[in-house]
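# Breakdown of the fold
Chain by chain, the residues:
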Amino acid sequence: MSAIDGLPGDWQMVVGLEVHVELATATKLFSASANRFGDEPNTHIDPVTLGLPGALPVLNRQAVELAMRIGLALDCTIQPCTFHRKNYFYPDMPKAYQISQYDQPLNVDGHLDLPDGTRIGIERAHLEEDTGKSTHLGGAGGRIHGSEASLIDFNRAGVPLVEIVSRPDIRSAEQARQYVTELRAILVAVGASDAKMEEGSMRCDANVSVHRPGTPFGTRCEIKNVNSVRSLGRAIEYEARRQIDLIEAGERVVQQTRHWDEGDGRTHTLRSKEDADDYRYFLEPDLVPLAPSAEWIQAVGDALPMLPGARRARLAGATGVAADSEAAMVVVERGQDDYVLAVGAAGGDVARALVHVKEAYADQGATPTVPAADLAALTVLETGGQLTATQAKAVLADLVANGGGDAAAIARARGFEAMDTGALEAMVDRVIAEQADAWAKFCAGEGKAMGALVGAVMKASHGKADGKAVTALLQARRG
Amino acid sequence: MSERISEADVAKVARLARLHLTGEEVQRMTAQLGGMLEHFADVDALDLAEVEPMTQPYPLVNVLRDDVVAPSLDRAEVLAAAPSAEDGRFRVPPIIGLEG
């Protein structure tokens, strides 16, 4: 694993991730103001959001349902739970506490499987409210330090969040990236959130420590302000190296919260980690416990769509590619796997359809404009040897540009006819004679020479020759 | 001087709440808060062996509301009640850390 991360010696990183995701509800967690991003500041506020005296929170049923979807999608146990006040002083939280879940969260003990099958434990996924948004005036670059005042917008305050806490099972920056990517796909699939890191509806903090295998985990630091999957990888990598450098220089890692700076590619001290006690958690007296019934849990589970991992496995089974192959990953991410399977159902070749869809449907959504039957007809022409791969690509481009069509008619209009085997053999022999140099190198085993020979045949045939057939003929001639 | 809460406890909680208390105020608050906590001693005196631990006095769970939007408060009216506002937002003094 060290080799993958590029960590020196036998050092290994140990990473746990805390992902906050904003739920796609119409209203806030405890009040009826709209949950909407990007509107004029302070236009979705109410007495509960502002913490006005006497205001009482009432839990949003849909937020609970979306949180349960997340829990079930991560194979968590849903349990009776309570809400706590997490007390701290900050103007983006006008009540001076955040309502969160503490020792009795809604979802516990789940897991998420990475595309390659690595299982990452999920400790908990609990409900809590988001904070308002501060803009710091005066300080350099909008930072807190040196600012002369802050402006607060409470539109986001009280927006429902689920915080998903992984176990420290992640061992590389790449695994962290895969975890967040897969988690995001699951959240979108179950309709819990749009999970956009760039808009802040999905935010990620990383707990990073280092150790040598066989020794206890080291002291961890929490990295905040990671705004993309790419920065997450960079921040984790940087932090692990920083800790290793400290330890190797005979110093020790201090437990603290650190801030990732995308600009200089470093983490900086934010604050020493406050003890859990300092938040003075206590049960929220204004809310009663939440205890979803078995029937409710069952109904939410029954309504869950097929998850990305299962969809990749299904597509892999149908096409023969690996479930974590790029084609399966990309096509399922675009939601086009049902379409590929429909091409198969329409009598087409699913493996070819998968490649075509991956290559040519990047701009199409989950419901491509080309009818599945039209793509099926194209793959049939290919498997029948009536079209070469190059010709099929051209026909496919026409199909995509026109939103469908008769593949055979397009092929005829383009003048594509299957080359006679005899004619192709003659052409190959002529190229061998003309390109004696390349032929000699090819016979000597130089891989590059093959490309030159195939290219010459393709040119001579005006692109009509089937590259695979040409390669096969060349190899046969070489003997 | 109460045994239930120390001056150090009061000073710590004040710091967390960004309240600047003088030594004399810490003493006074400690005595007053201690007095309040004394009332809980009445509960401690009861025999509660037969009572299930509870998080709420109400025998209720799942008090939920439908996810339906209600109008926001009027921004101008709300900001007019704030000590300071700017740009449609609440303006607050610089935010300092615990270290400050």
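Residues numbered from 1 in each chain as written. Chains lettered and ligands numbered in written order. Predicted model: local features only at pLDDT ≥ 70, side-chain atom pairs only at ≥ 80, totals over all residues. Heavy atoms only, no water.

Okay, the confidence of the model for chain B next. All names here are of chain B. Of the residues in chain B, 93% have a pLDDT of 70 or more, and the chain-wide mean is 88. Across chain B, the secondary-structure element scoring lowest on mean pLDDT is helix α1 (residues 7-16), at 90, and the one scoring highest is strand β1 (residues 64-65), at 98. Overall fold confidence for the complex sits at a pTM of 0.84, while the interface term, ipTM, reaches 0.85. (pLDDT = per-residue confidence, 0-100. Helix = DSSP H or I, 4+ residues; strand = E, 2+ residues; numbered from the N terminus.)

Quick look at the domain arrangement of chain A now. Accessible area lost upon the coming together of the parts is a frequently used measure of interface size. Residues and elements named next belong to chain A. What the domain assignment reports for chain A is domain 1 (12-302), domain 2 (308-413) and domain 3 (421-478). The gap between the C-alpha centroids of domain 2 and domain 3 is 29 Å. At the interface, four residues of domain 2 touch five residues of domain 3. Both faces considered, domain 2 and domain 3 share a buried interface measuring about 300 Å² in area, 46% of it formed by carbon and sulfur atoms. (Domains from an automatic or database assignment. Contact = heavy atoms within 4.5 Å. Buried area = accessible area lost by both parts, 1.4 Å probe.)

What follows is about empty space enclosed by the protein. In this structure the tally under the stated criterion is two cavities of 30 Å³ or more. In this structure, the largest cavity occupies an estimated 40 Å³ of space. Lining the largest cavity we find Thr82(A), Phe83(A), Leu283(A), Glu284(A), Leu287(A), Val288(A), Pro289(A), Thr55(B) and Gln56(B). Residue composition of the lining of the largest cavity, by class: five nonpolar, three polar and one charged. Lining of the second largest cavity is provided by Phe30(A), Ser31(A), Val48(A), Thr49(A), Glu129(A), Ala157(A) and Gly158(A). Residues of the lining of the second largest cavity, tallied by class, amount to three nonpolar, three polar and one charged. (1 Å grid on protein atoms, 1.4 Å probe; cavity = no way out; pocket = protein on both sides within 12 Å on 5 of 7 lines; lining within 4 Å. Points joined across faces, edges and corners; volume = space filled by probe spheres on them. Nonpolar A, V, L, I, M, F, W, Y, C, P; charged D, E, K, R; others polar.)

With 58 residues of chain A at the contact, the number on the chain B side is 36 residues. Each partner contributes to the roughly 3,700 Å² buried at the junction of chain A and chain B, and carbon and sulfur atoms together form 59% of this total. Contact with chain B buries area across many residues of chain A, yet Phe89(A), Leu151(A) and Val288(A) alone supply 15% of it, more than any other trio. Between Asp66(B) and Arg61(A) there is a salt bridge, with its nearest N and O atoms 3.3 Å apart. Summed over the shared surface of chain A and chain B, the result is 23 residue pairs in polar contact (both at pLDDT 80 or more). For the side of chain A that touches chain B, the elements supplying multiple residues, two or more each, are α2 (47-50), β2 (59-60), α3 (61-73), β8 (133-137), β9 (149-153) and β14 (266-272) of chain A. (Salt bridge = Lys/Arg side-chain N within 4 Å of Asp/Glu carboxyl O. Polar contact = N/O pair within 3.5 Å; in protein donor to acceptor, adjacent residues only side chain to side chain.)

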